[in-house]
Amino acid sequence: MKILLSVDMEGITGVTTWNHVTPGHAEYQRFRKVMTDDVNAAVRGAFAGGADEVWVTDAHWNGSNILVEELDGRAQLNSGLPSPLSMMSGIDQAIDGVLLIGYHARFGSTPAVLDHTWSATCVAGLWLNGMEAGEYTLNAGVAGHYGAPVLMASGDQTACAQMVEHLGNIETAVVKQATGRFSALCLPAEKTLPLIEQKAKAGVQRLAQKAAPAPLVIKTPVEVRVRLATSDMADRAMLLPGATRNGLEVSFTAEDMPRAFSGFRALVNMSYPS
Ligand SMILES: [Zn+2]
């Protein structure tokens, strides 16, 4: 079994503010180490559950947060962005199952630590075929296109509940109880690392036993609708060929999830204020 870990930062142990996850801020350096520890716990769990190979994709910000010098020596690291499949880099390389580590709730959720959908600056909502989606839905839909199910996730209680709702009966490691967007009751690493390891192991074991949730299959063609934060962002997003507009919302249709994913990324990248 070849397992891919897609690792974001907002749902990592102890993270509650943008300062913790923003390169250049003093606090960020602390949380790169905490993030790497969460990842190593999941890697240990994946191997204990029967994985033969583990790939880790660094999926936050510029994709170079995880400390490679401290990464479990059995894993390999997809580092750096932009890459062709971004947060799911490597998913097209015969992956059998996916773990979503350090994930967060979609934009507008509460209570949820650092809730947003892809861009906290530009995106005020994402819908796939009319269903409100988070990054986890988008990324799991791309994994589903390649036949891989999500097996396990970690994050706050709201993120984990949303992922169970969208992705099926996955294993979840709730590392903190969000009380607001920038506040949470956090378990210490002493508690979260064994929890992440145990849930990762259980998720991979269930795959081996053919008892894992099914891959998330998004019906094609995929209608992607993005609500931008401001109208000038929507003006820029309309540069995407084939886009249509209703106020702050810009939509397009893609023939499959990888194309929906790249179209969404292009739209968001274009929409940033210049
Ligand atoms: Zn992130």
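In short, a report on the structure. For every chain, the first residue of the written sequence is number 1, and numbering continues from 1 onward in sequence order. Since the coordinates come from a predicted model, pLDDT governs what is reported: local features require at least 70, and pairs of side-chain atoms require 80 or more to be given and counted, while whole-chain, interface and lining totals use all residues. Values shown for side chains rest on all heavy atoms present in the structure; no hydrogens or waters enter the calculation.

1. As for the side chain of Thr16
Numbering goes from the N terminus for both helices and strands, where a helix is a DSSP run of H or I of at least four residues and a strand is a run of E of at least two. With respect to the secondary-structure elements, Thr16 resides in the loop between strand S1 (2–7) and helix H1 (18–21). In contact with Thr16, other than residues within four places in its own chain, are Val113, Leu114, Arg181, Phe182, Ser183, Ala184 and Cys186. In what follows, residue pairs with any heavy atoms lying within 4.5 Å of each other are defined as contacts.

2. Some details on the sheet that holds strand S10 (residues 222–228)
Pairing between strands is defined by DSSP: at least two bridges between the two strands are required. Overall, antiparallel pairing links the 5 strands, which are arranged S6-S5-S10-S12-S11 in an open sheet. This sheet does not close on itself; its edge strands, each paired only once, are strand S6 (131–132) and strand S11 (244–246).

3. Quick notes on the nonpolar core
Looking at soluble globular proteins, one finds that nonpolar side chains tend to be buried together. Among buried residues, those of type Ala, Val, Leu, Ile, Met, Phe, Trp, Tyr and Cys that are joined through side-chain atoms within 4.5 Å constitute a nonpolar core. Each residue is placed in one exposure class: buried if its accessible area under a 1.4 Å probe, protein chains only, is under 20% of its type's maximum, exposed if it is over 50%, and partly exposed if it falls in between. Counting 51 residues, the largest nonpolar core has Ile91, Val98, Leu100, Leu128, Met163, Leu167 and Leu228 as its most contacted members. Sorting elements by how many residues they give to this core places helix H7 (residues 257–271) first, with 6 residues. Ignoring any residue separated from it by four or fewer positions in sequence, one finds Leu128 in contact with Ala133, Thr137, Leu138, Ile218, Val222, Glu223, Val224 and Met257.

4. Section: the pairing of strand S7 (residues 150–156)
Most of S7 sits out of view: 7 of its 7 residues are buried. Of the pairings in the sheet, the one linking strand S4 (residues 97–103) to S7 comprises 4 bridges and is parallel in character. Residue Leu99 lies in a different strand from S7, and its bridge partner there is Met152. In the sheet, S7 pairs with strand S8 (residues 171–180) via 5 bridges, with the strands oriented parallel. What sits directly across from Ala153, in S8, is Thr172. The crossover handedness rule: strands pointing away from the viewer, path from first strand over the helix to second strand clockwise, crossover right-handed. Taken together, S7, helix H4 (residues 157–167) and S8 constitute a β-α-β crossover, and its handedness is right-handed.

5. Let's talk about empty space enclosed by the protein
Grid points spaced at 1 Å over the protein atoms alone were grouped into cavities, where a 1.4 Å probe fits but cannot get out, and pockets, open sets with protein on both sides within 12 Å along at least five of seven lines, with lining residues defined by an atom within 4 Å of a point. Grid points are joined across faces, edges and corners, and a volume is the space filled by probe spheres set on the points. Taken as a whole and judged by the stated rule, the model has 1 cavity of 30 Å³ or more. The space that makes up the largest cavity amounts to roughly 30 Å³. Around the largest cavity sit Ala140, Pro149, Val150, Leu167, Ala214, Pro215 and Leu216, which together line it. Under this grouping Gly is polar, as are all residues other than the nonpolar Ala, Val, Leu, Ile, Met, Phe, Trp, Tyr, Cys and Pro and the charged Asp, Glu, Lys and Arg. Taken together, the residues that form the lining of the largest cavity break down as 7 nonpolar, no polar and no charged.

6. A few points about the layout of surface pockets
Each pocket or cavity is described by its volume, and for the largest pocket that value is around 610 Å³. Lining the largest pocket are 23 residues, with His60, Trp61, Trp118, Ser119 and Tyr272 positioned closest to its centre. Among the elements of the structure, H1 and H7 are those that each provide at least two residues to the lining of the largest pocket. For the lining of the largest pocket, the element with the most residues is H7, which contributes 3 residues. Residues belonging to the lining of the largest pocket are distributed by class as follows: 11 nonpolar, 8 polar and 4 charged.

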